Amino acid sequence: WSVHRCTALSSFLWTVCVSSPTRIASNVNHLLGPLSFVSAPSPKYLKIHASRATGAVKDLFADLRPRGCRSGLHHDSKSSSFYVQNHGAKAFCMSSSSAIVEEEVDPGDIPGTSLRVLKYPHPQLRAADEEITTFDDDLKKVAKEMFMVMYACKGVGLAAPQVGINKRLMVFNPEGDAKKWLKEISLVNPRIVETSESTDVELEGCLSFPNMQGSVRRYKWIKVEAYDLKGKKIKKKFEGWEARVFQHEYDHLDGRLYIDRLEADDLSKVQPVLDSLITTHSQLFPDLPPAL
């Protein structure tokens with residue numbers, strides 16, 4: 001799905017992007033009746049008010065859920081409203097093209113930190129990242145400031161090389177909400193020890209690549225070993241959305257960027273944006289060769 005805000009009408013236009021729009025539109029009209037009201041009560045949800053509803057609606061939306069949608073449909077029977085949790089392509093950032101999910105931003109100066117997100121093709125994004133051997137207050141401070149930058153940029157994850165620190169450290173919060181700090185995860189020297197055989201393709205964006213997104217294939221689940229900020233070894237299994245966020249950040253620690261994984265069609269579509277970023281880099285850092 002892509003959902004576009006219609007500011008002139010202070011409403012939202014719901015557009016289903018599928019291979020057979022006529023068939024889908026027919027099914028939607030049959031199952032829901034005319035969509036009399038569509039809104040976004042929060043950045044996390046689409047609220048769809050239908051004139052009628054049947055049990056088949058849940059199955060329909062399970063097939064048509066937005067790319068990146070971690071969970072499916074929630075039905076409020078009293079109001080005939082449906083709430084679809086929508087993460088769009090927001091992360092790492094993942095950022096989203098949907099106006100309902102907040103876009104990544106360049107916040108400028110961030111109170112409490114001097115860290116800034118490096119933009120492609122800055123060479124530190126491709127540089128080798130060292131393993132961390134000292135677990136001290138300085139490490140905790142860096143992680144804290146990385147979260148500050150991530151939230152300020154409307155992202156859900158950030159890797160240390162993205163802020164010019166070539167160390168194997170990543171932070172993320174799959175909710176992308178500073179108020180939900182219990183969801184925050186900091187991982188030091190992480191490594192993937194097992195993956196699913198199955199994969200899926202979803203939209204991704206990245207704070208280091210503003211104003212673009214593309215389809216990336218990732219494992220559906222992964223098992224990870226890492227250390228926390230105190231140096232304690234931990235093991236985790238990430239699935240779905242969290243697995244995708246982790247894999248994106250993990251690539252950064254290996255100097256691999258998400259454009260390296262883009263589907264061919266998507267790469268050609270974003271090439272003008274990449275060319276613009278390269279030009280901007282050359283203007284800002286004339287003595288710093290780009291790392292393409």
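Chains are numbered independently. Their residues run from 1 in the order of the written sequence. Where totals are concerned, whole chains, interfaces and linings use all residues; where local detail is concerned, this predicted model gives features only for residues with pLDDT of at least 70, and gives and counts side-chain atom pairs only at 80 or more. As a rule here, side-chain values cover all heavy atoms of the structure and leave hydrogens and water aside.

**Focus: the overall build of the protein chain**
Next up, step 1: Helix numbering and strand numbering both begin at the N terminus, where a helix is a DSSP run of H or I of at least 4 residues and a strand a DSSP run of E of at least 2. Along the backbone of the protein chain there are five helices and 13 strands.
Next up, step 2: Think of it in three bands: with a 1.4 Å probe and only protein chains considered, a residue is buried below 20% of the maximum accessible area for its type, exposed above 50%, and partly exposed in between. Residue burial in the protein chain is summarised as follows: out of 292 residues, 46% are buried.
Next up, step 3: Restricting to contacts in the protein chain with at least 6 residues of sequence separation, those with at least 24 account for 65%.
Next up, step 4: Using a 1.4 Å probe, the Shrake-Rupley method yields the accessible areas, and only the shown protein chains count as cover for residues. Carbon together with sulfur atoms contributes 51% to the accessible area of the protein chain, which is approximately 14600 Å² in total. In this description, contact between two residues means that some pair of their heavy atoms is separated by no more than 4.5 Å.

**Overview of the nonpolar core**
Next up, step 1: For our purposes a nonpolar core is just a set of buried Ala, Val, Leu, Ile, Met, Phe, Trp, Tyr and Cys residues, chained together by side-chain atoms within 4.5 Å. With 20 residues, the main nonpolar core has Met-146, Val-149, Leu-158 and Leu-169 as its most contacted residues.
Next up, step 2: Of all the secondary-structure elements, those providing two or more residues to this core are α3 (137-152) and β8 (169-172).
Next up, step 3: Ranked by residue count, the leading element in this core is α3, at seven residues.
Next up, step 4: Not counting residues up to four positions away in its chain, the partners in contact with Leu-169 are Ile-132, Leu-139, Val-142, Ala-143, Met-146, Ala-159, Ala-160, Leu-187, Val-188, Leu-229 and Leu-253.
Next up, step 5: Ala-159, Ile-222, Ala-243 and Tyr-250 belong to the second largest nonpolar core, which has 17 residues in total.

**Remarks on the side chain of Ser-186**
Next up, step 1: Structurally, Ser-186 can be placed in strand β9 (residues 185-195).
Next up, step 2: Every residue in contact with Ser-186, bar those within four places of it in the chain, is listed here: Ala-143, Phe-147, Met-170, Val-171, Tyr-227, Asp-228 and Leu-229.

**Side note on the confidence of the model for the protein chain**
Next up, step 1: How sure the predictor is of each residue is captured by pLDDT, a score from 0 to 100. Residue-level pLDDT values for the protein chain average 74, and 64% of them are 70 or greater.
Next up, step 2: A low-confidence stretch, residues 1-102 stays under pLDDT 50, and its non-local contacts, those more than four residues away or across chains, total 217 contacts.

**A short note on the environment of Phe-209**
Next up, step 1: Inspection of the secondary structure assignment puts Phe-209 in strand β11 (residues 209-219).
Next up, step 2: The exposure class assigned to Phe-209 is buried, which follows from its relative accessible area of 0%.

**A word on the pairing of strand β13 (residues 233-239)**
Next up, step 1: Here, strands pair whenever DSSP counts at least two bridges between them. Sheet analysis places strand β12 (residues 221-227) next to β13, joined by seven bridges and oriented antiparallel. Looking at the pairing, Val-224 lines up with Lys-236 of β13.
Next up, step 2: Adjacent in sequence and paired antiparallel, β12 and β13 are bridged by five residues, among which Gly-231 carries a positive phi angle near 90 degrees.

**Observations regarding the pairing of β12**
In regular strands, side chains alternate between the two faces of the sheet.
Next up, step 1: The sheet contact formed by β9 and β12 spans five bridges and is antiparallel. Within β12, the position partnered with Glu-194 by the bridge is Lys-223.

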